[in-house]
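Report on the structure
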Amino acid sequence: MSTRANGTEPPPGLPAHPTSNLKWIVLGAGVVSQASMSSLHHGLPSIGPLRRSDFGLSLAQTGLVLAASNIGTMSTMILSGMATDRFGERVVSGVGLGLAGVLMILSSLASSIVTVGILLFLAGGLSAVTISASGRSVMGWFSRRERGLALGIRQMSVTLGGALAAIALPLAATQWGVRGAFVTLGLFFLFGAVVAFFGLLPPPHKAGARASGLPAPLRDRPLWRLAVCAGLLGCAQTAIGSFTAIFLTDQRGFTLTAAAAAFAAIQIGGGVARVAAGRLSDRTGERVPQMRLHGFILALLLVATALLVDGPTLPLVAALLLAGIFTLSWNGLAFTAAAELAGYARAGQALGLQGTIMRVVSVGAGVGFGLAVTAFSWPVAFVLLALFPLAAALLLTPLIAEERRRAAAADAPSRGTPE
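I will try to describe carefully the structure that is included in this document. (Residues numbered from 1 in each chain as written. Predicted model: local features only at pLDDT ≥ 70, side-chain atom pairs only at ≥ 80, totals over all residues. Heavy atoms only, no water.)

Summing up its helical and strand segments, the chain has 15 helices and zero strands in all. Every one of the 419 residues in the chain was classed for burial, and the buried ones make up 53%. Considering only contacts in the chain between residues 6 or more positions apart, those separated by 24 or more positions represent 84%. Summed over its atoms, the accessible surface of the chain is roughly 17,100 Å², and 70% of this surface lies on carbon and sulfur atoms. (Helix = DSSP H or I, 4+ residues; strand = E, 2+ residues; numbered from the N terminus. Buried < 20%, exposed > 50% of the residue type's maximum accessible area, 1.4 Å probe, protein only. Contact = heavy atoms within 4.5 Å. Areas by Shrake-Rupley, 256 points an atom, 1.4 Å probe, with all protein chains shown as cover.)

Structure follows, in structure tokens:
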């Protein structure tokens, strides 16, 4: 009896296979491996002051060291995606995260900050494999009507890993010094490597070729458009993430503790919103329309924040928190859309492309927002920032029809219709 007869819809782009509880194991492995990788990027800044004092670094040097792992990740994401498509999720995640863990432990022994920076760059580059690998694996196990939720949960692990590392690394540094914190990061990676190797199981049926007529991801213009739009949405994410605490303390006189609580609320709310957004998108099996809606809403919330900069505290904080949450909520939708547009066989490369372009487009957003505040004012800076998600929403409009066309083409073989 076919899976469709049993009421189980096969994932588009994959032959039908029975629903299995194994998919939740795969999702759990994806969450753990992604969280271990995120612990480096989002947890390392928590021990920045200690590392600065240990090595006698200037602020600029500290910033460069903190950026080393991100630069490494950005440099290898496309290659990591191609390796995932070629060798499979288990191998590349296990090897990549495992080697990154060894490098992090070696960095604890380094006496030169240059050596530490090089090792962080390499660790960031090797750990990038899990972004494509975990996303591709989850995409392969879940059907279109489940995939938004699943990849939303996986994307929530980005903030989860950062939060756990932000707690664990300072504690480790207090007990064993900065070098102990680096060893702790290495152990996070090694744990993630083991979980990924045994948990990112290949789907019961391998995917065939992509739908006829589709170019490879690096030559796929709709995928590039989607990636650029994700980068434009990421500009607001970077700016709000960098300046929320500064705005509340400098402009509105909040205590550091209150500002930190507001920032934490954005992170928690954003993680929950990623899951909710994915679940909502599963009702239609479409990601781009909802992603576009998030862009419009975010633009309105940023304008509202600009209008309330000098207004009553409660409405201002509400607008700022909602804007911050919406800067995070779209992320899972973008990754799901990229994987589905490319198809399982090329999903790794598509996710690597999106991650790279997204970072390239949004890399200067924090600096640009700060310059706008200095040159003009906070309200003007928020209005200018609103232009980026608005542009993303408008640019996403042509992709709606393309997403539907490719979904229909992916479903056609399972319905017995010609491609």
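The next point concerns helix α12 (residues 331–342). Spacing of three or four residues puts side chains on the same side of an α-helix, whose turn is 3.6 residues. In a regular helix each residue adds 1.5 Å, so 12 residues correspond to 16 Å; α12 covers 17 Å between its end C-alpha atoms and thus fits that length. Within α12, 12 of the 12 residues are buried, which leaves it mostly tucked inside the rest of the structure. Turning to α12, its buried residues number three or more, namely Asn331, Gly332, Leu333, Ala334, Phe335, Thr336, Ala337, Ala338, Ala339, Glu340, Leu341 and Ala342. A positive phi of about 90° marks Gly343, the residue just after α12. (Expected span 1.5 Å × (residues − 1).)

With respect to the helices, strands and loops of the structure, Arg86 is situated in helix α3 (residues 59–87). Counting along the chain gives 262 residues from Arg86 to Gly348, while the straight-line C-alpha distance between them is 9.1 Å.

Between side chains of opposite charge, a pair can form when the charged atoms approach closely. On inspection of all chains with the given rule, the structure shows 11 salt bridges. Measuring nitrogen to oxygen at the nearest pair gives 2.7 Å for the salt bridge that ties Glu146 to Lys23. Residue Glu146 is located in helix α7 (residues 144–199), and its partner Lys23 is located in helix α1 (residues 22–43); the two are separated by 123 residues in the primary sequence. A relative accessible area of 28% means that Glu146 is categorised as partly exposed. Notably, a salt bridge pairs Glu340 with Arg147, separated by 2.8 Å at the nearest N-O pair. With Glu340 in helix α12 and Arg147 in helix α7, this pair connects stretches of sequence that are 193 residues apart. For Arg147, a relative accessible area of 0% puts it in the buried group. Connected via shared salt-bridge partners are Arg144, Arg147, Asp282, Arg287 and Glu340. (Salt bridge = Lys/Arg side-chain N within 4 Å of Asp/Glu carboxyl O.)

Taking 1.5 Å as the rise per residue, α7 with 56 residues should run 82 Å; its terminal C-alpha atoms sit only 21 Å apart, a clear shortfall. Considering bend angle alone, the principal kink of α7 is centred on Trp176 and spans about 135°. (Bend = angle between axes of the 7 residues up to and from the residue.)

A few words on the nonpolar core. Among soluble globular proteins, nonpolar side chains are generally buried collectively. Membership of the largest hydrophobic core comes to 86 residues, with the highest contact counts inside it found for Leu120, Met291, Leu302, Phe369 and Phe382. It is helix α8 (residues 221–251) that contributes the most residues to this core, 13 residues altogether. Setting aside its immediate chain neighbours within four residues, Leu302 contacts Ala236, Ile240, Ala323, Phe382, Leu385, Ala386 and Pro389. (Core = buried A, V, L, I, M, F, W, Y, C linked by side-chain atoms within 4.5 Å.)

If you want to describe how two helices pack, look at the angle between their axes and the distance between the axes. Interhelical geometry of α8 versus helix α14 (residues 365–375) gives an angle of 65° and a closest axis separation of 8 Å. Between α8 and α14 lies a crossing of right-handed hand. From α8, Cys235, Thr238, Ala239 and Phe243 reach across to α14, where they touch Ala365, Gly366, Phe369 and Gly370. For the contact of α8 with α14, the class distribution of residues is five nonpolar, three polar and no charged. (Axes fitted to C-alpha atoms, helices over the stretch in contact; angles between N-to-C directions. Left-handed = near helix turned anticlockwise from the far one by under 90°. Nonpolar A, V, L, I, M, F, W, Y, C, P; charged D, E, K, R; others polar.)

The next point concerns the packing of helix α4 (residues 89–107) against helix α5 (residues 113–127). Relative to each other, α4 and α5 sit at 165°, their axes nearing to 8 Å. With respect to α5, the axis of α4 lies roughly antiparallel. Regarding α4 and α5, the two cross each other, and that crossing is left-handed. Where α4 approaches α5, its residues Gly96, Leu97, Leu99, Ala100, Leu103, Met104, Leu106 and Ser107 are matched on the opposing element by Val116, Leu119, Leu120, Leu122, Ala123, Leu126 and Ser127. For the contact of α4 with α5, the per-class residue count stands at 12 nonpolar, three polar and no charged. (Parallel < 35°, antiparallel > 145°, perpendicular 65-115°, else oblique.)

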